[in-house]
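Descriptive structure summary
The chain contents come next:
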Amino acid sequence: MAFMMKLGSKPEAFRLQGHTWLCLSGLPSDVIIEIGEISFHLHKFPLLSRSRALENLIGDSSDDEKKCEDLKRCILELRDIPGGAQAFLLVAKFCYGTKIELTAMNVVGLRCAAEYLQMTEDCGEGNLITQTESFLNEVFCNWVDTIKALETCEEVIPYAEELHIVSRCINSLAMKTCADPTLLSWPVSGNPGDTVLWNGIRTSSKPHHVSEDWWYEDVSCLSLPLYRRLILAIGARGMKPERIAGSLVYYAHKYLPLSGRQSSFQNGNHAGPGSFPSEADQRTLLEVIVELLPNQKGVIPTKLLLRILRTSMILHASLSCREALEKWVGAQLDNAVLEDLLIPNMGYSVETLYDIDCVQRIVEHFMLVDRDVSDDTSSDCLLDEGQLIGDSNSLNPLTFVANLVDSYLAEVAPDVNLKLMKFESLAALIPEYARPVDDGIYRAIDIYLKAHPWLTDSEREQLCRLMNCQKLSLEASTHAAQNERLPLRVIVQVLFFEQLRLRTSVAGWFFVSDNLENSQNSSGNLVALTRDNHGTTEGENSILRVDDMRERICELEKECLSMKQQVEKLVKTKGSWNNLFKMLGLRLKPNPGQPKAAKKKQPCNAKCSPPSAAKLLLNGK
């Protein structure tokens, strides 16, 4: 409920004619006070009894014939009175004892005008300065009225600052913001809840829940300078960084085009329909918001930080503003998504479609933060070896960022203007151990090679050094072995490491197969005793598993033979396998028992012998 104070008891005695206010007392006026285009025809005695400043001005003008009209009417001009003609009208009514109402919307201007006119207690008891100060103290007890009073301070900001009205409003709002609204009695934003009457007394039917963001909307109506001072005062009182960040985000959403819409920020206040801010106003607002953001990780979602960063580029914000945003994004890059990283290039000399330099700076900052965290974790692990297992998940953020960077590279790779050096520098920021599988970087490299067919062989080999052929999945290896865009050296490496992987896999299958067969023979007598009602036994399940293994071995054998044939087609030489391995800097140990001529391979079926297949693979076939 808004507060209001009534002063005076006489009925209305003023009337406006054009730009002139006339006092209907029946007596001719003897003083004319001009404020801009508005003039007031008044009488000296009511004014002299309340204002020391008007008393001095009237006394001085009486001695100056130029300011007196036929020596009966004084003409005074008040150009600098705070509140203008509207505030002086209330002052005049107060001097005549006419009824006036003090509200939160007019008390600040009236208090400043009373100070300007020196309406102190020396001129009369219960003067206007005392009355307005008493009402201001009531206003400060009410949240909504304090907001209104603070907004009106903009019109008389020098006088309101001098009288400490602005600081008192801000301190009152900061105190109420940091306190628990459920424990206090002032009204806050929102529906106060249902009420019921009990013996004529209005009471609440049920407790009204107040969320922690109840004050966001109210303070967002303040101008930028006043809002900034309020946020600083709230932070000094120990408000949670999450709440401060929430208010700043709300304010930014209201006045900045974070969602691609036009803003409604105009001179620090909510603009009406059809009025839009200038780019300079938006840039200033954005820089202040970034300055006020709490410098703590996680208080603002990474998605929103990237949107603010993109807006700062559109508005050409200061370099310090953009650097601060890039550092905050880098500190929590493991929470970002690819779509938000695709920031269009806003530079004057646009080379690439997306701002890759910005993303590279963000990744560099993430690596610095991750290195510091890793160093702290390592020092903690030295103190307690039992924490080593608990910290094994510390690479998860780095692995996530590695996958994110690989996806980003694949997205920007089709840009024909993307230089090879820039592509390599961004990919090389991620350490090799951060990629458990190199399928992502292989995909990005393949897309880049497809979009840049003019690369030389040396440049292609240099680019392919970014990936580790040993860390490609089976699907990626199969694709790479048939990829004509890759250098021959890389294709041979892929086939070689895949053959080694197949040998290791087959050896493991035979080891498991032998163990199962031994366990089956040792427990043959128990099979009949453990047969259940459905006719299925554990021994039969083991036999089925062995058969599945044999089938898988045959499939691996076929894949190995197929890869060998592909290598022979690519190399097209009559040399042995050692010639290929010399190209790779590798050499296989020859098998002295290997026959000179390979026998014709028999088709594999369910009854093929596993030991013969193992001998073929282990002998380099």
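It should be emphasised that the depicted structure is a prediction, and the values quoted were computed from it without experimental measurement. Here the residue numbers are simple positions, counted from 1 along each chain's written sequence. Owing to the predicted nature of the model, reporting of local features is limited to residues with pLDDT of at least 70; listing and counting of side-chain atom pairs is limited to 80 or more, with chain, interface and lining totals taken over all residues. As a rule here, side-chain values come from all non-hydrogen atoms in the structure, and water together with hydrogens is ignored.

**Brief notes about the overall build of the protein**
In this description a helix means any DSSP run of H or I spanning at least four residues, a strand means any run of E spanning at least two, and both kinds are numbered starting from the N terminus. The helix and strand tally for the protein stands at 27 helices and twelve strands. Residue contacts are defined here by distance: any two heavy atoms, one from each residue, within 4.5 Å place the two residues in contact. Within the protein, residue pairs in contact and separated by at least 24 positions form 69% of the contacts whose partners lie at least 6 positions apart. Surface accessibility follows the Shrake-Rupley procedure with a 1.4 Å probe radius. Residue values consider only the protein chains on display as shielding. For the protein, the exposed area adds up to about 34,300 Å²; of that, 53% sits on carbon and sulfur atoms.

**Remarks on the packing of helix 19 (residues 420-427) against helix 20 (residues 439-451)**
For any two helices packed against each other, one specifies the crossing angle of their axes together with the interaxial distance. Geometry is summarised by axes, namely lines fitted to C-alpha atoms with helices restricted to the contacting stretch, and by angles between N-to-C directions that run from 0 to 180 degrees. Running from N to C, helix 19 and helix 20 cross one another at 175°; their axes reach a closest spacing of 12 Å. Considered as vectors, helix 19 and helix 20 are oriented roughly antiparallel to each other. Touching Leu420, Phe423 and Ala427 of helix 19 are Ile441, Ala444, Ile445 and Tyr448, all from helix 20. Classification used: nonpolar for Ala, Val, Leu, Ile, Met, Phe, Trp, Tyr, Cys and Pro, charged for Asp, Glu, Lys and Arg, polar for all others including Gly. Its residues assigned to classes, the contact of helix 19 with helix 20 shows seven nonpolar, no polar and no charged. For classification purposes, an angle smaller than 35 degrees is called roughly parallel, one larger than 145 roughly antiparallel, one from 65 to 115 roughly perpendicular, and anything else oblique.

**Quick notes on the side chain of Thr311**
Residue placement: Thr311 occurs in helix 13 (residues 302-314). Per-residue accessibility, obtained with a 1.4 Å probe over protein chains only, is compared with the maximum for each type, and a residue is labelled buried under 20%, exposed over 50%, and partly exposed between these values. With relative accessibility at 5%, the residue Thr311 sits in the buried group.

**Considerations on the packing of aromatic side chains**
When two rings of Phe, Tyr or Trp (its six-membered ring) have centres within 6.5 Å they constitute a pair, described as stacked for plane angles under 30 degrees, edge-to-face for angles over 60, and tilted for the intermediate range. Enumeration according to the criterion identifies eight aromatic pairs in this entry. Summarising the aromatic geometry, the rings of Trp215 and Tyr216 are spaced 4.9 Å apart at their centres and angled 85° between planes, so their arrangement reads as edge-to-face. Classification of Trp215 as buried rests on a relative accessible area of 1%. Since its relative accessible area comes to 8%, Tyr216 is described here as buried. Put simply, the rings of Trp215, Tyr216 and Tyr250 touch in pairs and so form one group of aromatic residues.

**Remarks on the packing of helix 13 against helix 14 (residues 319-331)**
Viewed as axis vectors pointing N to C, helix 13 and helix 14 meet at an angle of 160°, and their least axial separation amounts to 10 Å. As far as their axial angle goes, helix 14 and helix 13 are roughly antiparallel. Regarding helix 13 and helix 14, the two cross each other, and that crossing is left-handed. Listed contacts from helix 14 to Thr302, Leu305, Leu306, Ile308, Leu309, Ser312 and Met313 of helix 13 are Arg322, Leu325, Glu326, Trp328 and Val329. Split by residue class, the contact of helix 13 with helix 14 holds eight nonpolar, two polar and two charged. Note on convention: near helix rotated counterclockwise from far helix by under a right angle means a left-handed crossing. Clockwise means right-handed.

**Focus on the nonpolar core**
Nonpolar cores were defined as sets of buried Ala, Val, Leu, Ile, Met, Phe, Trp, Tyr and Cys residues, with membership established by side-chain atoms within 4.5 Å. One finds Ile33, Leu42 and Phe88 to be the most contacted residues of the largest nonpolar core, which totals 151 residues. Those residues in contact with Phe88 that lie beyond four places of it in its chain are Ile33, Ile35, Phe40, Leu42, Leu54, Leu78, Ile81 and Leu117.

**Quick word on the environment of Gly18**
You can see Gly18 is positioned in the loop between strand 2 (14-17) and strand 3 (20-23). The exposure class assigned to Gly18 is exposed, which follows from its relative accessible area of 62%. Residues Gly18 and Ser39 lie 21 residues apart in sequence; the distance between their C-alpha atoms is 9.8 Å.

**Quick word on the side chain of Ser39**
Looking at the element boundaries, Ser39 is found in strand 5 (residues 38-42). The class for Ser39 is buried, based on a relative accessible area of 13%. Every residue in contact with Ser39, bar those within four places of it in the chain, is listed here: His19, Thr20, Trp21, Ile32, Ile33 and Glu34.

**What about the environment of Leu292?**
Structurally, Leu292 is set in helix 12 (residues 279-292). Here the alpha-carbon distance between Leu292 and Ile231, two residues 61 residues apart in the chain, equals 7.7 Å. Apart from the residues within four sequence positions on either side, Leu292 is in contact with Arg228, Ile231, Leu232 and Leu248.

**Structural notes on helix 20**
With 13 residues, helix 20 extends 18 Å between its outermost C-alpha atoms, agreeing within 8% with the 18 Å of an ideal straight helix rising 1.5 Å per residue. Among the residues making up helix 20, those that are buried are Ile441, Tyr442, Ala444, Ile445, Asp446, Tyr448, Leu449 and Ala451. The span expected for a helix works out to 1.5 Å for each residue beyond the first.

**Looking at the confidence of the model for the protein**
Per residue, pLDDT measures the predictor's confidence, with a range of 0 to 100. Across the protein, pLDDT averages 78, with 68% of residues at or above 70. Segment residues 525-539: pLDDT under 50, and seven contacts once partners within four positions in sequence are set aside and those in other chains are kept. Confidence drops under a pLDDT of 50 for residues 573-577, and excluding neighbours within four residues, the segment shows three contacts in the predicted structure.

**Considering the pattern of salt bridges**
In the sections that follow, a salt bridge refers to a side-chain nitrogen of Lys or Arg positioned within 4 Å of a carboxyl oxygen of Asp or Glu. As enumerated under the stated definition, the model contains 17 salt bridges in all. The salt bridge partner of Arg243 is Glu212, with a shortest N-O separation of 2.6 Å. Taken as a pair, Arg243 in helix 11 (residues 241-255) and Glu212 in the loop between strand 10 (201-204) and helix 9 (216-219) lie far apart in primary sequence, 31 residues in all. Exposure remark for Glu212: the relative accessible area of 45% places this residue in the partly exposed category. For the salt bridge of Arg283 with Glu279, the shortest nitrogen-to-oxygen distance reads 3.6 Å. Of this pair, Arg283 and Glu279 both sit in helix 12, separated by four residues, roughly a single helical turn. You can call Glu279 partly exposed: its relative accessible area is 44%. Among the charged side chains, a salt-bridge network with shared partners connects Arg111, Glu115, Glu133 and Arg168.

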